[in-house]
There are 2 protein chains.
Amino acid sequence: MAEKTKELVESWSFLDTVESNFRPLVVIELAKGTKEETIEWFTKRIMDKKANGGAQLLIKPLVTENGVENIYLVGASHLRLLLGAETVGLVKECSDNSMRTFTYSSRKTFKDFADDNHNFLTMAECQYIIKHELENLRAKDEKMIPGYPQAKLYPGKSIVRRLLTSGILVQIFPLHDREELKKLRHSWYGRVKVGYQPLDDIRCYFGETIALYFGFLEYFTFALIPMAVIGIPYYVFAWEDYDKYVMFATFNLLWSTVILEVWKRICAILTYRWGTLLMKRQFEEPRPGFHGVLGINPVTGREEPVYSSIKRQLRIYLVSLPFVCLCLYFSLYVMMIYFDLEQWALDYHKENESNFSSLMLYVPSIIYAVVIEVMNRIYRYAAEFLTSWENHRLESSYQNHLILKVLVFNFLNCFASLFYIAFVLFDMKLLRQSLATLLITSQILNQFAESLLPYWLQKRYNRRMKKRMCSQKTDMDLSLADQVNMEKEMGTYLGTFDDYLELFLQFGYVSLFSCVYPLAAVFAVLNNITEIYSDALKMCRVYKRPFAEPTANIGVWQLAFETMSVISVVTNCILIGMSPQVDALFPDSKMDLVLTVALVEHLLLAIKFIMAFVIPDKPRDIQMKLARLEFESLEALKQQVREDKELDCFTENFCFNK
Amino acid sequence: MAEKTKELVESWSFLDTVESNFRPLVVIELAKGTKEETIEWFTKRIMDKKANGGAQLLIKPLVTENGVENIYLVGASHLRLLLGAETVGLVKECSDNSMRTFTYSSRKTFKDFADDNHNFLTMAECQYIIKHELENLRAKDEKMIPGYPQAKLYPGKSIVRRLLTSGILVQIFPLHDREELKKLRHSWYGRVKVGYQPLDDIRCYFGETIALYFGFLEYFTFALIPMAVIGIPYYVFAWEDYDKYVMFATFNLLWSTVILEVWKRICAILTYRWGTLLMKRQFEEPRPGFHGVLGINPVTGREEPVYSSIKRQLRIYLVSLPFVCLCLYFSLYVMMIYFDLEQWALDYHKENESNFSSLMLYVPSIIYAVVIEVMNRIYRYAAEFLTSWENHRLESSYQNHLILKVLVFNFLNCFASLFYIAFVLFDMKLLRQSLATLLITSQILNQFAESLLPYWLQKRYNRRMKKRMCSQKTDMDLSLADQVNMEKEMGTYLGTFDDYLELFLQFGYVSLFSCVYPLAAVFAVLNNITEIYSDALKMCRVYKRPFAEPTANIGVWQLAFETMSVISVVTNCILIGMSPQVDALFPDSKMDLVLTVALVEHLLLAIKFIMAFVIPDKPRDIQMKLARLEFESLEALKQQVREDKELDCFTENFCFNK
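Given the structure is predicted, the values throughout are model-derived calculations rather than measurements.

Caption draft 1: The overall build of chain A, seen in detail. For chain A, the helix and strand inventory stands at 22 helices and ten strands. Across the 658 residues in chain A, those meeting the buried criterion constitute 52%. Carbon and sulfur atoms make up 63% of the accessible area of chain A, which amounts to about 31200 Å² in all.

Shown next as structure tokens:
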């Protein structure tokens, strides 16, 4: 048996020679002056057979006019990629339109599979597979990276992660496919058109996480349109009757619940089609930045750094929590300064009564909006530093702590002044004005800082690069070497965090005070339409291509949006209750007013929860398909058990009888 | 290959002969006058080999003094039971103290496993396996049950279910083990002692669902003790200061959240130890009562009755919903009659002022409590009928609809009068008195109707039985035939629904108005202590032994209890806000009072949700164990994929190269 296995393992060597047409997929940039022995060891490990603990990928140095520059291109044979697809557990569509986990042995049952069809896996999938294989290239008995005694290794440590943390490996990034990118750009934002984004194409090119963000952005924009449409007459006809506002707010609240529930269903449809809904969660390895003394992980039984959970808790509760509280206090302090400024501007306007002074009325709000944006960005760095210092073992736990920190601060920073105006100053006019200024300023700032500025910088840089290369070639004619050199200097896309955060705050502006400023939805819709274009531009033109990341939902953001919609029920009810029109309905007793408002609020909350409970998270046909898959796997298991049993009975019954 | 399989299948015949000492586990009672051919066919199917579509169990007719009476005893060989344990996916403890899914081939790694140790599987587990095998005995090509042309069969239909629905099979029940039962009775309630219940023994004898109920009952009783202890001084020293009540209510609210969260953890510990936390959910077959035209199930692709989902929705929304609303209205109507009676009693007392008249004050409450109990029980039948008529395909869906119907009605029926007194009449004295009467009366009624009455009836019946048998034997000497005859006449335990419902309503009495009647917790504790004993008596003495049912948690009841604790936050806040003492704190403005109360309520609710979110549902060590198991299965899968790949590469690489 052992001999047979050995023989089988030898056959892996076939893989290397199957395809000679090497297609570069991923770029590895090593630091300048990396020692020869290190490079030799690393490339050998990448190319080595699986059985020897290698990744069995193809790697070639990039040869430019200036010679070899420590840049390597990684690819893989078609067969290797198919085997890798099985390892990462990709889910693809079968010929009978059902979605199944891809296995090499059942490959013939999948749609569009043919031995010579190299487009069966999308380029993004291939790059994801290569990234996965590289990250899972683990140290065997090496104690250190050859040539760098300070870069320690231990059995099972990811080599690529150690190379990255010790600065030998500068970066790994997937290559753009200029042909595909051009097509995608054209169908995405190349022409002015009314219609949906090409989400499936985006997913094929950038992977599921990014496609899901654009899907959510588009869905959210469409979902806001009814609110915007209903909001316009309030502005045009200056409807100030609060009974109309009550209607608007009630509609808004139920609407916000419904859209969040419906999104879950749409998300399930999308991710089912993309296969990620069915993908099994992989076991999470420690994140790259995690450090600690070498110990034994109680779950895996493997040697890896261990860091005491109590120490981490102490860092969280004794340092991070007080720091966050301090920042929140500081943010409130800045807010009070803003109100002083506001008062000063008002006084100035009263004294001077000129055009200039009436313009001056908006200045404090604009300054405050800018200050908020700046504070948010500075705090973001602090939060990242702190969360990293907390030394979380898992990337997901790191992300959750970071998101929680950032969300709380951003929420307070953006909305505290509005709460103060609404519930302490009771100044609805000022509330409306502040809301409008904050919303519009932050939208403009965001669009500028996020997309247009980087785009402009990138464009200028590209022009300079081209000039330096002294070539008048168009984009399409660039050689591979030029392309790699251009792309390696591009900025790195840091994930969808900021994009979701922006949408989250926008949702807050729209829903929290919807009944005093119905026009907010209109601005949100307008912003989101340009946002789609500027984000698309950013993805296609400004940043390096990011690695695809399979995902089945928008994760913690669903919870964040739902929490916001609960808070908005409370604020809207209070705002309506405070309005003079509703006040006038209860001339005799303020008590009755407050009690009615409280009753309505509780009813709305109850309806909200019941609605969230009653609307199924997945459409019926997806549920059926999932049930069918589960049934099949149970049946297969039973079948297997039965076969095993029969085998066992055959071989063991006699012993048992003795 | 096919031949080899055939050969293997033949070897199943060994199983029958392995053990000759037949141990009866399950009793099957057929209707009197069942046709010979039916009996012959049914017993043959039960004994037939797995390969021929049989259950491969042992079956023997019960021979009494009156001859054969259509009662059959079912057992199985030790080997057959072990294979069955693998089929149902039992999880047992390994020698290294980890919990693993039992497989026959890995049986040697399990704790206490030995080929001659017939106690490796508990009797309850053996009976569960036999029940599962019997229920999964499916029709092959039979079109009907032989001898009964009207009892249609189709391929895949469970034979036992069809026999049950057509009345040929009267009942199937597991036998008591008188030796074990005696031991269990002794350690459970046989001696007066302070301490925990023998939950593990209960689980071994009655299965996980029932053990978990008793675990919850015990936990809930312990959890109530702090509230009871704090509640006593309120009664003794007649503390009527509402600041003290505020403290009590706040404590109560946080406490109720904590105990529900902690229960989840304890439940995880218990079910991990019992193995059910890790048990895979089996595919759900249609429930016995489900009917419809024969069609194709889209999930399984099998032929089975199909019933239009739209028809069911119509039945639910056009018949059940209006009916429930009508019942709710009727319940409110009865409540208004109660208040008239109450008024009449009060007037009578004012006129007469005698001892008799002051006793009369309690009469309306007592009558009302009795009426509520009666209405609850009648409604229960109606709800069961309606839910059955709605024709749900799955038992779980049937249960959920039934529980929802019953919960809503019972909640209103029991608490509507209290809400009315509290928030319409504002009569705290009456509220306290009604609460006490309702609570105590319903507790006494329940204990009586649930346990003591059936116990007494059963005892009387047993005595008559014994007299008829003209034997002076003690319980222990009873022959098997006598035991079966005695047990088959016992009542059937209908599940834990009523027991949980009782606890749920009790939790309502304790928590909804805790700040006006802190003594409720004391009564609840006293009731629950006797409840443990009377329920134990009921299980051991009154009812047939129920089949064990594996379960990982208390299911929908967790949600019900959590909902109740949210409602109780609201009611307690309002009650405290209404108290004259708190009123006095805000002499100037009622508004401030109401706003403060609303603010406090929202804060408490927020704290509640954050606490529920922060407290992990499973203790850390269970989490680690689960993570370890998941990791192992992922590794095993990877290993398997790797082996498959190597095999594939070997056999297919050449074809691929062509």
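There is more to say, and it comes next.
Caption draft 2: Just the pattern of salt bridges, in detail. Residue and element names in this part refer to chain A. A complete count under the given rule lists 57 salt bridges over all chains for this structure. Among the ionic pairs, glutamate 549 bridges to lysine 131, the shortest N-O distance being 3.2 Å. Linking glutamate 549 in the loop between helix H18 (520-542) and helix H19 (556-578) with lysine 131 in helix H5 (residues 123-135), this pair joins segments that are 418 residues apart in sequence. Via salt bridges that share partners, Lys92, Glu125, Arg203 and Glu208 belong to a single interconnected network.

Caption draft 3: Inspection of the pairing of strand S7 (residues 148-152) of chain B at higher detail. Residues and elements named next belong to chain B. Note that strand S6 (residues 144-145) and S7 share two bridges and pair antiparallel. Across the sheet, isoleucine 145 pairs through a bridge with tyrosine 148, a residue of S7. A loop of two residues connects S6 with S7, the two strands running antiparallel in sequence, and glycine 147 in this loop sits at a positive phi of about 95 degrees.

Caption draft 4: Region of the structure containing a positive patch on the surface. Residues and elements named next belong to chain B. Together, Lys459, Arg460, Arg463, Arg464, Lys467 and Arg541 line one region of the surface with positive charge. Among the elements that line the positive patch, the one with the most residues is helix H15 (residues 428-468), at five residues. With respect to the secondary-structure elements, arginine 541 resides in helix H18 (residues 520-542). Among the residues examined, arginine 541 registers a relative accessible area of 31% and is labelled partly exposed.

Caption draft 5: Layout of the packing of helix H9 (residues 208-236) of chain A against helix H17 (residues 497-512) of chain A. Residue and element names in this part refer to chain A. The N-to-C vectors of H9 and H17 enclose an angle of 15 degrees; their axes lie 11 Å apart at closest approach. In terms of orientation, H9 lies roughly parallel with respect to H17. As for the relative orientation of H9 and H17, their crossing is left-handed in sense. Across from Leu212, Tyr213, Phe216, Leu217, Phe220, Leu224 and Met227 in H9, the residues of H17 making contact are Asp499, Tyr500, Leu503, Gln506, Phe507 and Val510. For the contact of H9 with H17, a count of residues per class yields eleven nonpolar, one polar and one charged.

Thresholds applied
Residues numbered from 1 in each chain as written. Chains lettered and ligands numbered in written order. Predicted model: local features only at pLDDT ≥ 70, side-chain atom pairs only at ≥ 80, totals over all residues. Heavy atoms only, no water. Helix = DSSP H or I, 4+ residues; strand = E, 2+ residues; numbered from the N terminus. Buried < 20%, exposed > 50% of the residue type's maximum accessible area, 1.4 Å probe, protein only. Areas by Shrake-Rupley, 256 points an atom, 1.4 Å probe, with all protein chains shown as cover. Salt bridge = Lys/Arg side-chain N within 4 Å of Asp/Glu carboxyl O. Pairing = 2+ DSSP bridges. Patch = residues over 30% accessible without salt bridge, like charges linked within 9 Å, V, L, I, M, F, W, Y side chains within 5 Å. Lys, Arg positive; Asp, Glu negative; His and termini not counted. Charge placed at Lys NZ, Arg CZ, Asp CG, Glu CD. Axes fitted to C-alpha atoms, helices over the stretch in contact; angles between N-to-C directions. Parallel < 35°, antiparallel > 145°, perpendicular 65-115°, else oblique. Left-handed = near helix turned anticlockwise from the far one by under 90°. Contact = heavy atoms within 4.5 Å. Nonpolar A, V, L, I, M, F, W, Y, C, P; charged D, E, K, R; others polar.

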